[in-house]
Amino acid sequence: MKINRAMPGTHNRMGMQILLLLLIITFCVFPFYWMVTTSLKTQLLALKSPPVWLFEPTFQNYTEVLTKDGVAKTLINSLIVAVSTTMLAITLGCPAAYALARFEFRGKRDLWFWFITNRMVSPIVLALPFFLIVRKIGLLDTHLVLILIYLTFNLPIVIWICTDQFRSVPFELNEAAMLEGASPFRIFRSICLPLAMPGVAVSAIFSFIFSWNELMYALVLTRNSAKTAPAMAVSFMEGYNLPYGKIMATSTLIVIPVIIFSLIASKQLVRGLTMGAVK
Amino acid sequence: MSAVSVKRSTLIGFLGPSIFALLAIGIVPLLYAVWTSLHYFNLTKLKNVEFIGIENYATVLTDSVFWQAMGRTFTLLGIALPIQIALGLGIALLLHQPGLSFLKTLTRLSLVLPMATTYAVVGLLGQVMFNIKYGVINQLLGFVGIEPVNWIGDPTNAFALIIFWDIWQWTPFVALVLLAGLTTVPAEIEEAAKLETKRWYTVLRYVQLPFLIPGLTAVLILRTADTLKLFDMVFTLTRGGPGASTELISLMIQRVGFRAFDQGLASAQAIILLIITIILSQLYIRLLYKEVG
C-alpha cells in the first residue's frame, strides 16, 4: 500500500475512483430523489414542461391520498397481509427447515427440490386457477386469500434460509440434549430455535418485503375491501390526466418501509436474495 | 454425521404442516388449472364450458403470439443479463479495492435502494421520468442537445426502457453478489498474485474467477426465473404496449386470462410456461445448490 501511494498517477486513480463511486450513487439514488420531489409538487407544478427542479414543497398530495383517496386503508391492508403471511410462514417453515437440517429420512432430497421449484414458478401459473377457486367459494377480495397465496413464495424463503441457519447450530448441543432425554420438539423449541434466531429474523424480513411489494396476485384477487397499496397505486393510472404527484406520494409511502427494512438487513441481503446460495 | 433418524410421527409433526400448506395452495390449484386447460372455459360464457381435450394446447403450440411473447422474454434476458454482469463485476471490483471506505459504504447502501424498490413503483417511476413532455430524462437529454424522445409510445424505445429499468434494478444485485464472492478469496492468495502481475484481468481470470462462479450461477438461475416471472414493472410502465412490443410472457397470459377472459387457453399457456420453467430450473439448480444431507 505504501509503495502504491508514492507512485505517480495515484492521485488520478483516486480521483477516478471517487468519480465512479459518485456516479454509481447518483444512478441508484436519482430515481428516488425524483419520486420524492415529484410527490411534493402540486399537479400544476408536476405538469410543467420542462420539469421544475426548485420549488416550494407541499404535503398536499400526501394528505389527499391518505384522507380522500383511501390509500391509508390500502396501506393497512398491505400491513395486515404482509405481517400475517410472514408469521404463518415462520410458524410453518421453521419446523420444516429444522427437519431438513437435522433429521435423516428417505426422499429428503426430492422434498427439498420441490421446495426450491416453488421459488421458480411464475405467479401467473397459480393466479389463474386460484382466481377461479376463490371466486367459487366466495373468498375473493379478502385478506385471507392473499395471506395464503403469498405462502407460495414465503414458505420456500423461510425454509431455505432457516435450513442453512439450523445446520450452523453445533450438533453437539443436540447430542447432549438427547442424552438428557429431551424430546425432538423440545430440542428444537428450547435449544436450536433460539440459536437460529438471526436466520429466522432475516427470513421474516424477506418474507415481509416480498409480500409488501407484490402486485399481480393483489391485482387479480382483490377489488376494494382487501386492496393492497401497490394495487391502489396502479389504479391511479387510469384516465388521461395522470395525477403524477399523488402517484408518487403513494409510491413513496409504499417504498419507505421496504427501504428501511432492507437497509437494516443490508448485510444479509445477498444471502437472502440468493436463497443462501452465496454467503 | 450431523443428522438423526427419528420416528415417523415426529417427522410428520415437523414437516407435515408446510407440506400440507404447499400442497393445498400450490398443487391443488395447479391440478385445477390442468382441468381448465382441457376445456373451453370463457369467463363471459360460463354456461358453455365444454371438454375439448388438448385443443387449447394445440392452439398455444402453434400460436405465434405466444412464441413471440416467449421470444421477447428471452430477448430481454439475453440483453439485460450480460450488461448487468459486466456492470456488476465492474462495480464489485471497484468496491473491492482498498481505501475510500466511507464513500464505499455509502455506495453499498445506495446499491440496496434499487433492489428494494417495489417493482410496481419502478414502472410508475418510469412513466413519470420518461414522459415525452414532462419527463426529466428528456430534459436532461435536451441539455446535451438531444431532441425529446418518445420513450413509452414507440415500440423499440419502450422495449429499451424495460431493459433500462431491469438493469437499474438488478445490476446492484449482481454487484453485491459478486462482491460477496470477491471477499471469499483468501487475502494471501490475492496479494501474492498481485505481486506476480500488474494486469488486473490476469488476477481476475486466474485468482478471483473461481470464487465468483457460485455467485454467477446463482445470478444466472435467479435472473432467468425472475425474467420469466416479470410482470409488475412492465404492467405499470407500458401494460405490454405499444401494440404488443413489451408484452412479456406473464403479461400475455394475464391478458388472455383476465382481459380476454379465455381461462382455458390462458391455463394451457401457463402450464406450458410451467413446464419450460421446471425444465430450466432442473438444469440450473442441479448445477448450483449443494444437496441436503
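If you're wondering where the values come from, they're calculated on a predicted model, not measured in any experiment. Along each chain, residues carry numbers from 1 onward, in the same order as the chain's sequence is written. Starting at A for chains and at 1 for ligands, labels are handed out in the order in which the entities are written. Local features in this predicted model are restricted to residues of pLDDT 70 or higher, and side-chain atom pairs are both shown and tallied only at a pLDDT of 80 or more, whereas totals for entire chains, interfaces and linings draw on every residue. Only hydrogens and water are removed before side-chain values are computed, so all heavy atoms of the structure are retained for them.

## Some details on the domain arrangement of chain A
Residues and elements named next belong to chain A.
At step 1: In this entry, domain limits derive from an automatic or database-based domain assignment. One can read the domain layout of chain A as domain 1 (2-60) and domain 2 (69-273).
At step 2: A separation of 33 Å is found between the C-alpha centroids of domain 1 and domain 2.
At step 3: The interface of domain 1 with domain 2 comprises 9 residues on the first partner and 11 residues on the second.
At step 4: For any pair of parts, buried area is found by adding up, for both, the accessible area (1.4 Å probe) each one loses once the two are put together. Summing the contributions of domain 1 and of domain 2, the shared interface buries around 720 Å²; its carbon and sulfur component is 75%.
At step 5: Contact with domain 2 buries surface across domain 1, with Met35, Ser39 and Gln43 losing the most and accounting together for 56% of the total.
At step 6: The salt bridge criterion pairs a side-chain nitrogen of Lys or Arg with a carboxyl oxygen of Asp or Glu, the two atoms within 4 Å. Summed over the shared surface of domain 1 and domain 2, the result is 0 salt bridges.
At step 7: Whenever two N or O atoms come within 3.5 Å, that pair is a polar contact, provided that in protein one can donate a hydrogen and the other can accept it, and provided that, for residues adjacent in sequence, both atoms are side-chain atoms. Here domain 1 is connected to domain 2 by 2 residue pairs in polar contact (both at pLDDT 80 or more).
At step 8: Working definition: helices are DSSP H or I runs of at least four residues, strands are E runs of at least two. Numbering for both runs from the N terminus. Looking at the side of domain 1 that touches domain 2, the elements that each hand over two or more residues are helix H2 (10-39) and helix H3 (43-46).
At step 9: Broken down by element, the side of domain 1 that touches domain 2 gets its largest block of residues, 5 residues, from H2. Should any heavy atoms of two residues lie within 4.5 Å, those residues are counted as being in contact.

## Examining the environment of tryptophan 168 of chain B
At step 1: Within the fold, tryptophan 168 of chain B resides in helix H7 (residues 155-182).
At step 2: Expressed as a C-alpha distance, the spacing of tryptophan 168 of chain B and leucine 209 of chain B, which sit 41 residues apart in the sequence, is 24 Å.
At step 3: Setting aside anything within four residues of it in sequence, one finds tryptophan 168 of chain B in contact with Phe27, Cys28, Pro31 and Phe32 of chain A together with Pro114, Thr117 and Val122 of chain B.
At step 4: One polar contact links the side chain of tryptophan 168 of chain B to the main-chain carbonyl oxygen of phenylalanine 27 of chain A, over a distance of 2.9 Å.

## Thoughts on the nonpolar core
At step 1: Among the nonpolar cores identified, the biggest contains 189 residues, and Phe166, Tyr217 and Leu221 of chain A together with Met129, Trp165 and Phe173 of chain B are the most heavily contacted of them.
At step 2: Structurally, this core is a two-domain feature, drawing no fewer than three residues from each of domain 1 (2-60) and domain 2 (69-273) of chain A.
At step 3: Filtering out sequence-adjacent residues up to four positions away, tyrosine 217 of chain A remains in contact with Pro123, Leu126, Ala127, Leu146, Ile149, Tyr150, Thr152, Phe153 and Thr222 of chain A. Here, nonpolar core means buried Ala, Val, Leu, Ile, Met, Phe, Trp, Tyr and Cys residues that are tied together by side-chain atoms lying within 4.5 Å of each other. Residue exposure (1.4 Å probe, protein chains only): buried if accessible area is under 20% of the type maximum, exposed if over 50%, otherwise partly exposed.

## Quick look at the interface of chain A and chain B
At step 1: With 107 residues of chain A at the contact, the number on the chain B side is 107 residues.
At step 2: Each partner contributes to the roughly 9600 Å² buried at the junction of chain A and chain B, and carbon and sulfur atoms together form 78% of this total.
At step 3: Of all residues in chain A, the largest losses of buried area upon contact with chain B belong to Leu21, Met120 and Leu128 of chain A, amounting jointly to 7% of the total for that side.
At step 4: Summed over the shared surface of chain A and chain B, the number is 0 salt bridges.
At step 5: If you look at where chain A meets chain B, you find 14 residue pairs in polar contact (both at pLDDT 80 or more).
At step 6: Broken down by element, the side of chain A that touches chain B gets its largest block of residues, 18 residues, from H2 of chain A.
At step 7: Residue classes follow a fixed rule: Ala, Val, Leu, Ile, Met, Phe, Trp, Tyr, Cys and Pro count as nonpolar, while Asp, Glu, Lys and Arg count as charged, and any other residue, Gly among them, counts as polar. Per-class residue counts for the side of chain A that touches chain B are 82 nonpolar, 12 polar and 13 charged.

## A few points about the environment of tyrosine 284 of chain B
Residues and elements named next belong to chain B.
At step 1: Within the element layout of this structure, tyrosine 284 appears in helix H12 (residues 263-288).
At step 2: Assessed through its relative accessible area of 17%, tyrosine 284 is described here as buried.
At step 3: Separated by 45 residues in the primary sequence, tyrosine 284 and arginine 239 have C-alpha atoms spaced 30 Å apart.
At step 4: Beyond its immediate sequence surroundings of up to four residues, tyrosine 284 is in contact with Leu220, Ile221 and Thr224.

## What to know about empty space enclosed by the protein
At step 1: A pocket here means an open set of points on a 1 Å grid, computed over the protein atoms alone, that has protein on both sides within 12 Å along at least five of seven lines. A cavity is instead a set of points where a 1.4 Å probe fits but cannot get out; residues with an atom within 4 Å of a point line either one. Grid points are joined across faces, edges and corners, and a volume is the space filled by probe spheres set on the points. Inspection of the entire model under this criterion finds 5 cavities of 30 Å³ or more.
At step 2: Estimates place the volume of the largest cavity at around 610 Å³.
At step 3: If you trace the largest cavity, you find 27 residues lining it, with Arg119 and Pro123 of chain A together with Tyr119, Asp226 and Lys229 of chain B closest to the centre.
At step 4: When contributions to the lining of the largest cavity are tallied by element, the ones reaching two or more residues are helix H6 (108-120), helix H7 (123-136), helix H9 (151-167), helix H12 (197-213) and helix H13 (216-221) of chain A together with H7 and helix H9 (200-229) of chain B.
At step 5: Top element by residues in the lining of the largest cavity is H9 of chain B. It accounts for 4 residues.
At step 6: In this structure, the second largest cavity spans a volume of roughly 90 Å³.
At step 7: Contributing to the lining of the second largest cavity are Phe206, Ile209, Phe210, Asn213, Ser262, Leu269 and Leu273 of chain A together with Met115, Ala116, Tyr119 and Trp170 of chain B.
At step 8: Among the secondary structure elements, those contributing two or more residues to the lining of the second largest cavity are H12 and helix H16 (269-273) of chain A together with helix H4 (101-116) of chain B.

## Quick look at the side chain of glutamine 269 of chain B
All names here are of chain B.
At step 1: Looking at where glutamine 269 falls in the secondary structure, it is placed in helix H12.
At step 2: Looking at glutamine 269, the relative accessible area reads 1%, which means it is buried.
At step 3: Those residues in contact with glutamine 269 that sit more than four places away from it in its chain are Val60, Asp63, Phe66, Met252, Ile253 and Val256.

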